Amino acid sequence: MRFIRKPLCATRSICPQPPNSSYNLMAIETLTSSSSSNCNDDDRLCSEPQGEPEGETAHLDGLPAPNPNGYLSTESRIERAWAHWKKLGQPKFIVAPMVDNSELPFRMLCRKYGAQAAYTPMLHSRIFTETEKYRSQEFTTCKEDRPLFVQFCANDPDILLEAARRVEPYCDYVDINLGCPQRIARRGNYGAFLMDNLPLVKSMVEKLANNLSVPISCKIRLFPNLEDTINYAKMLEDAGCALLAVHGRTRDEKDGKKFRANWSAIKAVRDVMRIPVLANGNIRYMEDVQSCLEETAVEGVLSAESLLENPALFAGYRTVEWVSGSDDICVDGKLDQADLLVEYLKFCESYPVPWRMIRSHVHKMLGDWFRVHPNVRDDLNAQSKLTFEFLYDVVNRLRDLGVRIPLYVKDSRVERASANGFAT
């Protein structure tokens, strides 16, 4: 099947208002209505307005007045944490926060294929408070994009609170990134490197918990010593954290393929916590999700890298990498990564995001296809400015060259036979 797209814009030199939906939160700050905006066409997409919203467009010009939920007893906070989680439907399949990769169009694609909640990419709290362009490009959402965690990195409680107040009306949790292990986090003194300054971490959680109406969540990594991890988690709970996501690797274990996540450590944390806990790590396909839920007893599971290659993971699809060598009998799921990429691009046309994010997803989803025909990948890399026409043509070229690498699903006939006692 060839994919044909009708052009949305006659020119890329002007960046008009993004399209309106029934509840349009794409423009988080009021964008200028003229074409004089300092908008670089390699930073933002270009699309036509599609009518007026059914109701007032939400902006973050006026910050909501503080509505503290702090100064409650510990028992009241625990009770509230669970009530909120249950109100959201207790989502089990969750898109993890990924810098430049868990943006709105990708979240919407994952939600279509089984994700029940999602995190935004990590947002830098100081830049978010200071820069309108950063806010309008890096944080976008819509009414269907819930439940939603908005994640910030920070090392200053007051700046973090200012940033959190700007997104408070548009999310279900404000999340503090305490798990990023990359060098940029070391240089910026945030993420997992705040494990060296626990009083600062505690003060940030308390600042948000005592001044926001939306609950606070935290995403952490393990200490090398399990007891230190447990004490860390309990400190966060006491400070007002209402939900904890635990990545089952230490700060030094950056390579997910080299280091397996420690589900036993996650279970040990789950056993002592009184708030909902999520697990992150070792999720390659849906059977891993079920195994993780059973082994750790957590409330939900996050996936990151595996979703980038296969956004349909939570719908039961798996890539060829996880079919060979498996004991499961799998069949062609009548879906492939090029199909998913086309769906992603259509979401991007409705929900504009920076082109760098789109380029990254093209490489992730078509990586196996490009290895068959690297000349198509080279043509993509040579494009300094992308268009939708070009990207749809990339898919068509690969199709014309005879490339198709299907996604697989477990053979339902075998499962039914096994359930009826006819096979094992």
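For the structure itself, look to the data block above.
Caption draft 1: Quick look at the pattern of salt bridges. Counted by the stated rule, this structure contains 25 salt bridges. Between Arg111 and Asp145 there is a salt bridge, with the nearest N and O atoms lying 3.0 Å from each other. Taken as a pair, Arg111 in helix α2 (residues 104–112) and Asp145 in the loop between β5 (141–142) and β6 (148–153) lie far apart in primary sequence, 34 residues in all. Overall, Arg111 belongs to the buried group, its relative accessible area being 13%.

Caption draft 2: A look at the packing of aromatic side chains. Taken as a whole and assessed by the stated rule, the structure comprises nine aromatic pairs. Where Phe93 meets Phe314, the ring centres are 5.5 Å apart and the plane angle is 15°; that geometry is what we call stacked. Of the two residues, Phe93 is situated in strand β2 (residues 93–95) and Phe314 in the loop between α11 (305–309) and β12 (330–336); the sequence distance between them amounts to 221 residues. This pair shows no difference in class: Phe93 is buried, exactly as Phe314 is. Arranged with centres 5.3 Å apart and planes meeting at 75°, the rings of Phe128 and Phe152 form a pair that is edge-to-face. Linking Phe128 in helix α3 (residues 125–130) with Phe152 in strand β6, this pair joins segments that are 24 residues apart in sequence.

Caption draft 3: Representation of helix α10 (residues 286–296) in the model. If you check which residues of α10 are buried, you get Met286, Asp288, Val289, Cys292, Leu293 and Thr296. End-on view of α10: buried residues confined to an arc of 155°, all on one side of the axis. For α10, the elements touching its buried residues are β2, α9 (263–272), β10 (277–280) and β11 (300–303). One or two positions beyond α10, positive phi appears at Ala297, with a value near 65°.

Caption draft 4: Just the environment of Ala192, in detail. By the secondary structure assignment, Ala192 is in the loop between α6 (183–188) and α7 (198–209). By relative accessible area, which is 0% here, Ala192 ends up buried. Ala192 sits 12 residues away from Cys180 along the chain, and the two C-alpha atoms are 5.0 Å apart. Excluding residues that lie within four positions of it along the chain, Ala192 makes contacts with Leu178, Gly179, Cys180, Pro181 and Arg251.

How each quantity is defined
Residues numbered from 1 in each chain as written. Predicted model: local features only at pLDDT ≥ 70, side-chain atom pairs only at ≥ 80, totals over all residues. Heavy atoms only, no water. Salt bridge = Lys/Arg side-chain N within 4 Å of Asp/Glu carboxyl O. Helix = DSSP H or I, 4+ residues; strand = E, 2+ residues; numbered from the N terminus. Buried < 20%, exposed > 50% of the residue type's maximum accessible area, 1.4 Å probe, protein only. Phe/Tyr/Trp six-rings, centres within 6.5 Å; stacked < 30°, edge-to-face > 60°. Arc of directions from axis to C-beta. Contact = heavy atoms within 4.5 Å.

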